[in-house]
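The residues making up each chain are set out below.
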Amino acid sequence: MQNVSDIRIARNRTPRRVLFLGAPGTSAEATRWAMVKGWLQSEGILPVRRNHGEVLCVIASEDVLDGMCSPIEAAALQRARELGTPCIGIHESAAIWDLTAPVRPRRQSVGA
């Protein structure tokens, strides 16, 4: 494997999609779901409902993580775990932030 010395090349090789599994079960979860999707899109990361290739991570509803989901959702979650893709809940803000860091644009601070 070749070393990547240019961060722009590395970012292009990293998937820029996050798979969302399930559906929000409460109004608080629905609000969070919409907020996270909007934030991802503003950072140039595509939230997807079907996995057709690599994703940064899987963000799942609490029901999916608890196993109360459709066979298709269960299979998608199992497959992601088998591939070593991080699977997290919608309320795990720090994990979402950390997992998307490699593809988020670097912001220049004021006065820098």
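Residues numbered from 1 in each chain as written. Predicted model: local features only at pLDDT ≥ 70, side-chain atom pairs only at ≥ 80, totals over all residues. Heavy atoms only, no water.

Trainee: I'm lost on the pattern of salt bridges in this one. Help?
Mentor: A side chain of one charge can pair with a side chain of the opposite charge if their charged atoms are brought near each other. If you walk through the whole model with that rule in mind, you get one salt bridge. Ionic pairing is found between R79 and E82, a salt bridge with its closest N-O pair at 3.9 Å. With R79 and E82 both in helix 4 (residues 71-82), this residue pair falls three residues apart, about one helical turn. For E82, a relative accessible area of 53% translates into the label exposed. (Salt bridge = Lys/Arg side-chain N within 4 Å of Asp/Glu carboxyl O. Helix = DSSP H or I, 4+ residues; strand = E, 2+ residues; numbered from the N terminus. Buried < 20%, exposed > 50% of the residue type's maximum accessible area, 1.4 Å probe, protein only.)

Trainee: Looking at this structure, how should I read the layout of surface pockets?
Mentor: A probe as big as a water molecule, rolled over the atoms, marks out the empty space that is left. Reported here for the largest pocket is a volume of approximately 190 Å³. In this structure, the largest pocket is lined by L19, F20, L21, G22, R49, R50, N51, S70, I72, E73 and A76. Among the secondary structure elements, those contributing two or more residues to the lining of the largest pocket are strand 1 (17-21) and helix 4. The class makeup of the residues in the lining of the largest pocket is five nonpolar, three polar and three charged. (1 Å grid on protein atoms, 1.4 Å probe; cavity = no way out; pocket = protein on both sides within 12 Å on 5 of 7 lines; lining within 4 Å. Points joined across faces, edges and corners; volume = space filled by probe spheres on them. Nonpolar A, V, L, I, M, F, W, Y, C, P; charged D, E, K, R; others polar.)

Trainee: Looking at this structure, I do not really get the pairing of strand 1. What am I missing?
Mentor: Walk down a regular strand and you will see the side chains alternate between the two sheet faces. Within strand 1, five of the five residues are buried, which leaves the element mostly enclosed by the surrounding structure. Residues R17, L19 and L21 line one face of strand 1 and the alternating positions V18 and F20 line the opposite face, and both faces are buried. Sheet topology note: the strand 1/strand 2 (residues 46-48) ladder contains three bridges and is parallel. Note on strand 2: the bridge partner recorded for L19 is V48. In this region the chain leaves strand 1, passes through helix 2 (residues 27-42) and returns to the parallel neighbour strand 2; the handedness of that crossover is right-handed. Bridge analysis of strand 1 against strand 3 (residues 57-60) gives four bridges, and the strand direction is parallel. Within the sheet, the bridge partner assigned to F20 lies in strand 3 and is I59. (Pairing = 2+ DSSP bridges. Right-handed = clockwise from strand over helix to strand, strands pointing away.)

Trainee: I tried to follow the packing of aromatic side chains on my own but got confused; where do I start?
Mentor: Aromatic rings in a pair are described by how distant their centres are and how their planes are angled relative to each other. Counted by the stated rule, this structure contains two aromatic pairs. Taking the centre distance of 5.1 Å and the plane angle of 70° together, the rings of F20 and W33 count as edge-to-face. Pair noted here: F20 is in strand 1 and W33 is in helix 2, with a separation of 13 residues, a long-range link. Taking relative accessible area as the criterion, F20 reaches 1% and is therefore assigned buried. (Phe/Tyr/Trp six-rings, centres within 6.5 Å; stacked < 30°, edge-to-face > 60°.)

Trainee: Looking at this structure, how should I read the environment of G22?
Mentor: Take G22: it is sitting in the loop between strand 1 and helix 2. Residue classification places G22 among the buried positions, given a relative accessible area of 4%. It is 7.1 Å that separates the C-alpha atoms of G22 and C69, two residues lying 47 residues apart in sequence. Filtering out sequence-adjacent residues up to four positions away, G22 remains in contact with W33, R49, S61, V64 and E73. (Contact = heavy atoms within 4.5 Å.)

Trainee: Looking at this structure, I do not really get the environment of G53. What am I missing?
Mentor: Counting through the fold element by element, G53 comes out in the loop between strand 2 and strand 3. Through-space distance from the C-alpha of G53 to that of P15 is 8.5 Å; in sequence the pair is 38 residues apart.

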